[in-house]
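# Structural overview for review
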Amino acid sequence: MATLNTLKFTKMHGAGNDFVVLDNCAGQLDLSPGLIKRLADRHFGVGADQILIVESSDLADFKYRIFNADGQEVQQCGNGARCFAQYVFDKGLTQKNQITVETLAGIIQPELIKHNWVKVNMGPAQLNPGKVPFIAEGLSSRKVGGLTQYKLPVDSGSDLEELWVGVASMGNPHVVILLDQTASDDLVQRLGATLESHPRFPERVNVGFLHIVDRSRVHLRVYERGVGETLACGTGACAAAVVGMKMGLIAERVDVVKAGGTLTIEWSGQQDSDVFMTGPAQTVFEGEFYL
Ligand SMILES: N[C@H](CCC[C@H](N)C(=O)O)C(=O)O
């Protein structure tokens, strides 16, 4: 009987944003978009928002690669960073509670505060539109507190014809829309899909719908690039918190409430200072995928 090729994986989630985690420290996995999409498929595969890859690194304790469900490799994933730290600790790949992790967005530092509870130094936010990247040329803009908002013409099929938005990068691109209530399903789906592939975002974009409850508590929904709406988005929570803090509307420490759970974001507000994110990291099951 020929032995089937199988792939051991670990299923995890961070506040409902779910992942398949693979150990590729031996560097032998073929990470083709085809395999990534099969693993992420919720009917023909395991099912996940992102596929997270653990690799060795010359620059840090580990290298961390992230693939969206559509097969595209991206720069950063905050909920995934917490799960990554829990995974390497649980698998005995490190004895350290605080590790350095190389990503396409630079080095981040997760710390296991306690089991299933991780704090991550996500590095600095980038608010310069060219670095998001966002093509701001020709758009009307206005200052709200310390933040520049841009008026974005949209044809979302909803009653929104133009939209004031904030933009930020956590190594991956985010656009943040401030609403006076939690966004409806229809708005998230329609406007999220429209903005995700808007031509002014050359690398596409993650779309955050932010409702500020008070200075230390916000509600956020995120239509993620390459996935669609997720139950939580770590970099989206960082980007939305930084935008709200720059507008002077949010305190330096804020609870970001999402459908799948709550993340705490801390940022001093100083230019180029690091953003910290704290939240859950849960292992759900171990499995074997038949290639
Ligand atoms: N969809 C994101 C990657 C995953 C981000 C999210 N899951 C997080 O926790 O930060 C992007 O294309 O930039």
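Residues numbered from 1 in each chain as written. Predicted model: local features only at pLDDT ≥ 70, side-chain atom pairs only at ≥ 80, totals over all residues. Heavy atoms only, no water.

The number of helices and strands found in the protein chain is four helices and 19 strands. Computed over its C-alpha atoms, the radius of gyration of the protein chain comes to 19 Å, within 12% of the 19 Å expected for a compact globule of 291 residues. Overall size of the protein chain, expressed as C-alpha extent along the three principal axes, is 65 × 40 × 30 Å. The 291 residues of the protein chain split such that 52% are buried. Averaging the coordinates of the 26 positive side-chain charges in the protein chain and doing the same for the 33 negative ones gives two points 2 Å apart. (Helix = DSSP H or I, 4+ residues; strand = E, 2+ residues; numbered from the N terminus. Rg over C-alpha atoms; globule rule 2.2 N^0.38 Å. Buried < 20%, exposed > 50% of the residue type's maximum accessible area, 1.4 Å probe, protein only. Lys, Arg positive; Asp, Glu negative; His and termini not counted. Charge placed at Lys NZ, Arg CZ, Asp CG, Glu CD.)

Pairing geometry for strand β9 (residues 141-144) and strand β10 (residues 147-153), over four bridges, is antiparallel. Pairing of V144 across the sheet is with L147, part of β10. Hairpin geometry of β9 and β10 is characterised by an intervening segment of two residues between the two adjacent antiparallel strands and by a positive phi of about 65° at G145. (Pairing = 2+ DSSP bridges.)

Around the ligand lies a shell of 15 residues, among which N17, E224, R225, G234 and T235 are the nearest. One nitrogen or oxygen atom from the side chain of T235 is found 2.6 Å from an oxygen atom belonging to the ligand. Protein chains bury 100% of the 360 Å² of accessible surface belonging to the ligand in isolation. When contributions to the shell around the ligand are tallied by element, the ones reaching two or more residues are α2 (78-90) and α4 (234-246). (Near = heavy atom within 4 Å. Polar contact = N/O pair within 3.5 Å; in protein donor to acceptor, adjacent residues only side chain to side chain. Areas by Shrake-Rupley, 256 points an atom, 1.4 Å probe, with all protein chains shown as cover.)

Another aspect to go through is the UniProt feature "binding site: substrate" (unreviewed entry) in the protein chain. Under the present numbering, the feature "binding site: substrate" (unreviewed entry) in UniProt falls on N17, Q50, N68, G78, N79, N172, N206, E224, R225, G234 and T235. Along the polypeptide, E224 turns up in strand β14 (residues 217-224). Look past the residues within four positions of E224 in its chain and what remains in contact with it is N17, Q50, E196, N206, E229, T230, A232 and C233. At a separation of 2.9 Å, a polar atom in the side chain of E224 contacts the side chain of Q50. Owing to a relative accessible area of 2%, T235 belongs among the buried residues under this scheme. Discounting chain neighbours no more than four positions away, the residues touching T235 are Q76, C77, G78, M122, M170, N172 and H174. Within the structure, T235 has its side chain in polar contact with the side chain of H174 (distance 3.0 Å). (UniProt positions renumbered as here; feature names shortened; annotations may be inferred. Contact = heavy atoms within 4.5 Å.)

As assigned here, the protein chain comprises domain 1 (6-119 + 280-290) and domain 2 (129-266). Here the C-alpha centroids of domain 1 and domain 2 sit 25 Å apart. Each partner contributes to the interface: domain 1 provides 20 residues, whereas domain 2 provides 21 residues. Here domain 1 packs against domain 2, burying approximately 1300 Å² in sum over the two surfaces, 44% of which is carbon and sulfur. Looking only at domain 1, the three residues that lose the most surface to domain 2 are A15, Q75 and Q76, adding up to 31% of its buried area. (Domains from an automatic or database assignment. Buried area = accessible area lost by both parts, 1.4 Å probe.)

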